[in-house]
Structures are given as C-alpha cells and as structure tokens.
Amino acid sequence: MKEFTNRLALHAEWVLCFFLLLGGVLAAAAGIRYILRRRQKKKSVKGRAEWLYTFLSDNPFQTYIFLRGADAFPFFVSENVEQVFGLTKSEMDTDVFALARCMKPEEAHKLERQYRNWNRREPMAAEFSFVNPQNERRGEASLWVQYRKKEDVYVLVLEDISSRKKEEETLRQELAAAKEENEAKTEFLSEMSHEIRTPMNGILGLLELAKMEIADQGTVLAYLEKTQNLSRFLLHLINDVLDLTRIENGKVQLAQEEFDLIDMAHELQSMFAKSIAEKNLHFELHVEGFTARRVVGDAMRLSQVIINFLSNAVKFTETGGSVTLTFRQMERIEERLRLMIRVRDTGKGIEPEFLGHIFRPFEQESSMIARKYGGSGLGMAIADNIVRLMGGQIVIDSEVGKGSDFIVFLSLPVAKEEEKTGENRQQKKAEIRTGTGEELLRYVRGAHVLLAEDNDINARIILAILEKAGAKIDRAVTGRQAVEMFACSEEGEYDVILMDIQMPEMDGWEATRRIRSMEREDAALLPVYALSANSYVEDRRRSLEAGMNGHIAKPIDFEELKQKMGAAIRDRRTAWNAVQKQRKEDRQRNARSRSMENA
Ligand code: ADP
C-alpha cells in the first residue's frame, strides 16, 4: 500500500512537472506573440502617422497646424502656409501668432478675443480676411480649432475660402438685384393701377353725370368732351406703359436702316409748328457741321426721344418763350458720326433734386405738374431706355426759372450711299403736309374708300363717321376679300384703302403686299393706311415695309384719319391725273405715228 502511495506521489510529481512545463511554454509563446504584436502595432502606427503627416502637408485646400498645449509650440505646420498666407514655414514653426501679420489689426484682435473666451470643449470656428504680404493678394479664410485634452494638442485647420466667398457674394448681389427688380415691378404695377384708375374714375363719373343731365344738351356735350379728353390721356398712358415694359423686357430691337438726319430735323420742326404757333413760342432749328447727312440707325425710336423732349419743352415754356432744336455733328471718326441732338427751352426749369430721378417711371417734379400740365412721367424713362439701347447718353442741364437743356449724345455709322435727293424728298413731304384742315376734308367728300375690317362694331363706327364726312365705302371682312375687291375694281376706282391688320384668312400686311404687286398702274399709287390696335413703333415699321402709306392706331382719332385721308387722296388724284394725261399723250402719239405710216 505504501509502495502504491509512493508510486502515486511520483506520478503526481511527474504530472505536475509536465503541467508546469506546459504552462511555461505557453506563457513564453504568449509573451513572444505579445511582443511581436506590439512591435507590429508600433510599426503600423508609425507608418500611419507618416502617411497622415504627408497627407496633411500635401493637402492643397487646407493648412494644418498642430500646437503643443503646454506652450503653444507648433510641432506641425503644412507646407502650403507660405503659398496661401505668404508666411514662411520657418516663421510659423517658431511662432504661430505670425499668422496675425497677414490680417488687419482689428480682425487679429477680434480673433484673439474669441480665442481667449473659447471654452475649449467644442471646436472654435471663425472667418477672417487676409492679405498675402508676398504678393498682396487679398482673400478670405476660415479657421477651425480643436483642443484634444488627452494629447494636450491644439489642431488648427485653415482654409482659403476666397472663391467660395466671391461666389456667395455674386449670388447675394444677384438675389438683391432680383429682389429689387421684383419690388420695383410691384411698385410699378401699383402706380400703374393708380394712374389708370384715376382717369377711369373720371370717365365713369362723367358718364354718370351725363346720364343724369340727359335733357340738357349743352351740359351733356361738356361732360362728353371731358370724357373724351380723359380717354385720350388714358390711351396715351397705356401706350407708354406698354412701350416701356417692352423696352425694359428687352423685347424691342432697334432697326438698322438708313435715314437722313437733316430730313428728320425738318420733320420734327414741322410736327411742332402748330403747337408752337398756338402757344406763341419762338422756335429755332440749328443744323450744324454736317459732312454727311445719311446715317444708319433707328429713325423712329430716335424721333420718339426728341419728340418727348420737344413736347415737354413746349409744355413747360410759357407764351413768348423760346425753344431751340439743334442737330450737330461733333466729330466724324472712321465713318461714324458723333452727334449731339439738343432741345433747349426758356421754360420753368427743373429743381436740381428732381434731376437725380427724372428717368424713373411715373416721376414728376411735383403733384402740381400733373394738375397743371398733365402727363404721367413715363416719357423720360422711355427716352432714357431707348438712348441707352442705342449706346448713347442723355445729359440734362436745367436752372429753375431760366430753362432746360436736354442733350442726346450718340454715335451712328454713316450710310453707305449718301443720298443726294434728300432735299427733294423733304420738299415733297412738305407739300404733302401743306393744306388747311378744311381744304383737306374736301377730298374726303365723295371719296371712294375700300375698308377692310373684320370687326363689325369697329366697321360700323368707321362707316358712320366717314359716310357723315361724305365718303362712299365698300367693306371687306378679310384681307383676301380686300385683295379680290381691288382686283375686280376699275383702274383708279378707289381713292384710298383703310386696312385692318389682324384679319382672318389674310392679314392686312400681306393683303397690301399683294395689292402693291399687281400689274396695274393704280396699284402703286393707291394710298393704303393701316388701322391697327397695335401701335408700337415696330408695328408702324412693318406697315411701312409692307408698302402702306401710314399706320393709324386704334382707337382711331377720326380727325387725324380724315386729314391724312384728305392729303393722301389729293396727292393720289394729282398723280393719277398725271398718269392719265401721259396715257392720253401716248395714245395720241401712237395714233399720229400710225396715220403717218399709213400715209
Ligand atoms: P411727363 O412730361 O409726361 O410728365 P416725362 O417723363 O416726359 O413725363 O417728364 C418727367 C418730368 O420731368 C415732368 O413731369 C417734369 O416735371 C420734368 N420735365 C421734363 N421736361 C421738362 C422741361 N423741359 N422743363 C421742365 N420740366 C421738365
């Protein structure tokens, strides 16, 4: 039993020894493994840190600075600090506050204050502007700072945000401009609504009064006349508003056509002859220094500007005062004329404060202006837009009580062919215009008119008024019908055609083109006038291009229509008589030569 116990003890010793040995081997293996792992880890941390440093250094967008917490010593600074902020790496390596050198002192102080008050728990963010001392480049930068307590390190990330800021600024400006434009539009609409409602209110009120006083003819007539005046004002206002809106929306394209500047000056003079005489004003036209008179540009739009100046000059100058229109060639450079067109008056003048916003829509010097002189304050806004579209400039000089000077400076190319017959045409035009109103109305009496109008109400009004004036009228309801009626008529049967523009089947422009192209002698001589609800300069131009003699806007001013018709009929009759005479002479000559041949 003892032996058995001894053997067992020996066995146990061996087993214990074995386990001890095994434990030792395993512990050694684990130790070696641990050491190996640590080595590997150390190696990979070192590798990662190197990679990270390289990445941070090479990052072109951000500049990184790592500071030791204890003494703010920068133990890492990205290379690009020099390129962006113009501070050398060695400067920054020793003193991080060198950064303040590229900032304005007040910005550096602000940043310093923010840094001092920073709680160090959350990151600190700031933006500042800088000037690179090496190349003077100005820019904007962002700064982000974080304190890592465990490592006792400050991490600073700086970024050049100049281009982003620029983009933001552009967007901000665009937004502000869009807002401003929107506000201006709203204001324009509300002013327009007010401007339209005021005369509308007058018109409706006067009609109500006329109905109440229907038995008293004199009173009713007075109310109707006032209504007519207000309606005309309203129409003028609507035309101006629409015109300005079209110009401002870029819907207006300037024509590039040849025209004679001196003809234009004379036409403007005759246009205002009546109102100047009525007000007993002294008028002078100066045409100075021209070496060429034909230029390329938009004659109608330029006239529109000068007409506005002239009508204001006449309106704001008291009886006995004077108005001067000057057309001057200032310079001729490489086949371009530098022009000065000036309207000067000795009228009431303009307060200097108002001159600053005279070009704004609906602006008048005071509320007294509208009461005393009328108008809506849109003319100057339109003129300014047109002249700027032409690349020119309007300059105004005015003194209260002495008068005003409105000058357009403009440069226009000289036309390829300088026309020699300008004066002849001027004379011709002057002839057409001469003749008193009464005299011209005589030609309407007995005239045979072809009216092309699809709208029954409009046609009825025109028929009633022209028949009352003694004209005989045939009506067509489409452009095509008008062409057919003219084709079937005797030569010289019609004295004038009044042509609506928008009609079914064929518009008035096309109908006129077809009539003009017919091979009969009266096709070219017959006066054709457009009657159209479209009254923009561009519509007038299209009418002239289609071969029409003029463009009368609806609502029709019947006095103007009758005068124009009278003058046109008279000229057509003269021309037609000349054609007839020539034909008769030709016939006689032919008969004579035939009888001589026979003899
Ligand atoms: P409207 O003549 O319809 O009022 P405009 O835009 O042509 O509009 O002119 C704006 C304002 O400028 C006028 O109301 C007036 O106060 C001032 N103005 C323009 N021309 C003259 C002028 N020749 N003399 C004095 N004031 C003028």
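The following refers to the structure shown. These figures come from a predicted structure and were not determined experimentally. (Residues numbered from 1 in each chain as written. Predicted model: local features only at pLDDT ≥ 70, side-chain atom pairs only at ≥ 80, totals over all residues. Heavy atoms only, no water.)

Topic: the overall build of the chain
Consideration 1: Each helix and strand counted, the chain has 19 helices and 17 strands in total.
Consideration 2: Compactness check: the chain gives a C-alpha radius of gyration of 45 Å against a globular reference of 25 Å for 599 residues, more than 25% above the reference.
Consideration 3: Projected onto the principal axes, the alpha-carbon positions of the chain cover approximately 180 × 70 × 65 Å.
Consideration 4: The buried share among the 599 residues of the chain stands at 38%.
Consideration 5: Long-range pairs, those at least 24 residues apart, make up 65% of the contacts in the chain with a sequence separation of at least 6.
Consideration 6: For the chain, the accessible area works out to roughly 36000 Å², and carbon and sulfur atoms hold 54% of it.
Consideration 7: Both charge centroids of the chain, one from 88 positive and one from 94 negative side chains, sit 6 Å from each other. (Helix = DSSP H or I, 4+ residues; strand = E, 2+ residues; numbered from the N terminus. Rg over C-alpha atoms; globule rule 2.2 N^0.38 Å. Buried < 20%, exposed > 50% of the residue type's maximum accessible area, 1.4 Å probe, protein only. Contact = heavy atoms within 4.5 Å. Areas by Shrake-Rupley, 256 points an atom, 1.4 Å probe, with all protein chains shown as cover. Lys, Arg positive; Asp, Glu negative; His and termini not counted. Charge placed at Lys NZ, Arg CZ, Asp CG, Glu CD.)

Notes on a nonpolar patch on the surface
Consideration 1: Nonpolar side chains collect at one region of the surface, where Trp51, Leu52, Tyr53, Phe55, Phe73 and Phe75 lie side by side and expose about 610 Å² of accessible area between them.
Consideration 2: For the nonpolar patch, the leading source of residues is helix H1 (residues 2–58), giving four residues.
Consideration 3: You can see Leu52 is positioned in helix H1. (Patch = residues over 30% accessible without salt bridge, like charges linked within 9 Å, V, L, I, M, F, W, Y side chains within 5 Å. Salt bridge = Lys/Arg side-chain N within 4 Å of Asp/Glu carboxyl O.)

Some thoughts on the sheet that holds strand S13 (residues 448–452)
Consideration 1: The strand order S14-S13-S15-S16-S17 describes an open sheet built from five strands, whose pairing is parallel. One side of each edge strand has no neighbouring strand; the edge strands of this open sheet are strand S14 (472–476) and strand S17 (550–553). Within the sheet, the average angular offset between the axes of one strand and its neighbour, ignoring direction, is 25 degrees.
Consideration 2: Relative to strand S15 (residues 496–500), S13 runs parallel, the two being bridged by four bridges. (Pairing = 2+ DSSP bridges. Axes fitted to C-alpha atoms, helices over the stretch in contact; angles between N-to-C directions.)

Points about the site of the ligand
Consideration 1: Every one of the 22 residues lining the ligand counts as a neighbour, but Asn312, Asp345, Gln364, Ser376 and Met380 are closest to it.
Consideration 2: A distance of 3.0 Å separates an oxygen atom of the ligand from a polar backbone atom of Ser376.
Consideration 3: One nitrogen or oxygen atom from the main chain of Met380 is found 2.7 Å from an oxygen atom belonging to the ligand.
Consideration 4: Among the secondary structure elements, those contributing two or more residues to the shell around the ligand are helix H8 (299–315), helix H11 (379–389) and strand S12 (403–413).
Consideration 5: Here the element with the most residues in the shell around the ligand is H8; it accounts for three residues.
Consideration 6: In the shell around the ligand, the residues fall into eight nonpolar, nine polar and five charged. (Near = heavy atom within 4 Å. Polar contact = N/O pair within 3.5 Å; in protein donor to acceptor, adjacent residues only side chain to side chain. Nonpolar A, V, L, I, M, F, W, Y, C, P; charged D, E, K, R; others polar.)

Some points on the sheet that holds strand S4 (residues 138–148)
Consideration 1: Pairing is antiparallel in the open sheet, where five strands are placed in the order S2-S1-S5-S4-S3. Here the strands that pair on one side only, and so sit at the sheet edges, are strand S2 (74–77) and strand S3 (124–131). Geometrically, the sheet is characterised by an average inter-axis angle of 20 degrees between neighbouring strands, direction not taken into account.
Consideration 2: Where S3 meets S4, eight bridges bridge the pair, whose relative direction is antiparallel. Bridge pairing in S4 places Val131 opposite Arg138.
Consideration 3: Lying on the sheet, helix H4 (residues 105–116) is in contact with S3, S4 and strand S5 (153–160); it crosses S3 at an angle near 165 degrees.

Points about helix H7 (residues 261–278)
Consideration 1: Compared with an ideal rise of 1.5 Å per residue, which puts 18 residues at 26 Å, H7 spans 27 Å between its outermost C-alpha atoms and is within 8% of the ideal.
Consideration 2: Within H7, the axis deviates most sharply at Phe272, by approximately 45 degrees.
Consideration 3: All of the buried residues in H7 are Leu261, Ile262, Asp263, Met264, Ala265, Leu268, Phe272 and Ile276.
Consideration 4: Regarding H7, its N-cap is Asp260, as a side-chain oxygen of that residue lies 2.9 Å from the backbone nitrogen of Ile262 further along.
Consideration 5: Positive phi appears at Asn280, one or two residues downstream of H7, with a value of about 55 degrees. (Expected span 1.5 Å × (residues − 1). Bend = angle between axes of the 7 residues up to and from the residue.)

Some thoughts on unusual backbone geometry
Consideration 1: The omega angle of the peptide bond from Lys554 to Pro555 is 0 degrees, so this bond is cis rather than trans.
Consideration 2: A positive phi is found at Ala72, a non-glycine position, where the angle reads about 55 degrees.
Consideration 3: Judged by its relative accessible area of 27%, Ala72 falls in the partly exposed class.
Consideration 4: Its identity as a non-glycine residue notwithstanding, Glu334 has a phi of 40 degrees, on the positive side.
Consideration 5: If you trace the backbone, Glu334 turns up in the loop between strand S9 (322–333) and strand S10 (336–345).

Description of the packing of aromatic side chains
Consideration 1: Taken as a whole, this structure holds ten aromatic pairs when the rule is applied.
Consideration 2: Aromatic pair Phe66 and Phe75: ring centres 6.0 Å apart, planes at 40 degrees, arrangement tilted.
Consideration 3: Note on Phe66: relative accessible area 15%, which makes it buried.
Consideration 4: Each member of the aromatic cluster is reached from another via a ring pair, and the members are Tyr115, Trp118, Tyr147 and Tyr154. (Phe/Tyr/Trp six-rings, centres within 6.5 Å; stacked < 30°, edge-to-face > 60°.)

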